[in-house]
Amino acid sequence: QVQVVESGGGLVQPGGSLRLSCAASGSVQRIDDMGWYRQAPGKQRELVATITREGDTHFGHSVKGRFTISRDDSKNTATLQMNSLTAEDTAVYYCKQTVRQCSWCEYYAYWGPGTQVTVSS
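First, a word on what this report is: a plain description of the structure on this page. (Residues numbered from 1 in each chain as written. Predicted model: local features only at pLDDT ≥ 70, side-chain atom pairs only at ≥ 80, totals over all residues. Heavy atoms only, no water.)

**Details of the state of the cysteines**
- Summed over all chains, the structure comprises two disulfides.
- Covalently, Cys22 is tied to Cys95 through a disulfide, its sulfur atoms 2.0 Å apart. One disulfide, between Cys22 and Cys95, carries an S-S torsion of -75 degrees and so falls in the left-handed class. Of this pair, Cys22 sits in strand β3 (residues 18-26) while Cys95 sits in strand β9 (residues 91-100); the two residues are 73 residues apart in sequence, bridging distant segments of the chain.
- The disulfide bridge from Cys102 ends at Cys105, spanning 1.7 Å between sulfur atoms. Between Cys102 and Cys105 the sulfur-sulfur dihedral comes to about 95 degrees; the bridge is accordingly right-handed.
- A residue is classified by how much of its surface remains accessible, and Cys102, at 11% relative accessible area, is buried.
- Each disulfide in the protein chain links cysteines that, numbered along the sequence, combine into the pattern 1-2, 3-4. (Disulfide = S-S within 2.5 Å. Helix = DSSP H or I, 4+ residues; strand = E, 2+ residues; numbered from the N terminus. Buried < 20%, exposed > 50% of the residue type's maximum accessible area, 1.4 Å probe, protein only.)

And the structure:
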């Protein structure tokens, strides 16, 4: 089994910064893409940022220039650095890691339970 857990959410003032981390544990042989998504109340889940194993990144339009994503494959972690936060960034943030459990296995996507980010004064 594979578990994905996010951490680092909380309350932050507008204009502030927050760093989210996501770790995969369990039977992890190799991780392909890692990504962050978010869902605000009454809205659909949307892409925030993804990063490939080669380090190529992709960002949602609303976070470009403010958020960065990185990964540490030695620790099976993905980190989302969020700067210049606004109330529109308030959402539950979910991490997704595309994992295979053995060298001959297929890759599957595993999601964390989410972490709440609230931007408010």
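**Examining the side chain of Gln97**
- Looking at the element boundaries, Gln97 is found in strand β9.
- For Gln97, the side chain forms a polar contact with the main-chain oxygen of Asn76, separated by 3.4 Å. (Polar contact = N/O pair within 3.5 Å; in protein donor to acceptor, adjacent residues only side chain to side chain.)

**Topic: the nonpolar core**
- The biggest cluster of nonpolar side chains holds 29 residues, and the ones touching the most others in it are Trp36, Val48, Phe67, Leu80, Met82 and Tyr93.
- Taken together, the elements giving at least two residues each to this core come down to β1 (2-7), β3, β4 (30-39), β5 (46-51), β7 (67-72), β8 (77-82), β9 and β11 (115-119).
- Excluding its chain neighbours within four sequence positions, the residues that come into contact with Phe67 are Arg38, Val48, Phe59, Leu80, Gln81, Met82, Asn83, Leu85, Asp89 and Tyr93. (Core = buried A, V, L, I, M, F, W, Y, C linked by side-chain atoms within 4.5 Å. Contact = heavy atoms within 4.5 Å.)

**Quick word on the sheet that holds β3**
- A sheet is described by the order of its strands in space; here four strands give the open sequence β1-β3-β8-β7, paired in antiparallel fashion. Taken across any chain shown, the strands that pair with only one partner, and hence form the sheet edges, are β1 and β7. Neighbour-to-neighbour, the strand axes of this sheet turn through a mean angle of 15 degrees, independent of strand direction.
- Pairing of β3 with β8, which is carried by six bridges, proceeds in the antiparallel orientation. In the strand pairing of β8, Leu20 is matched with Leu80. (Pairing = 2+ DSSP bridges. Axes fitted to C-alpha atoms, helices over the stretch in contact; angles between N-to-C directions.)

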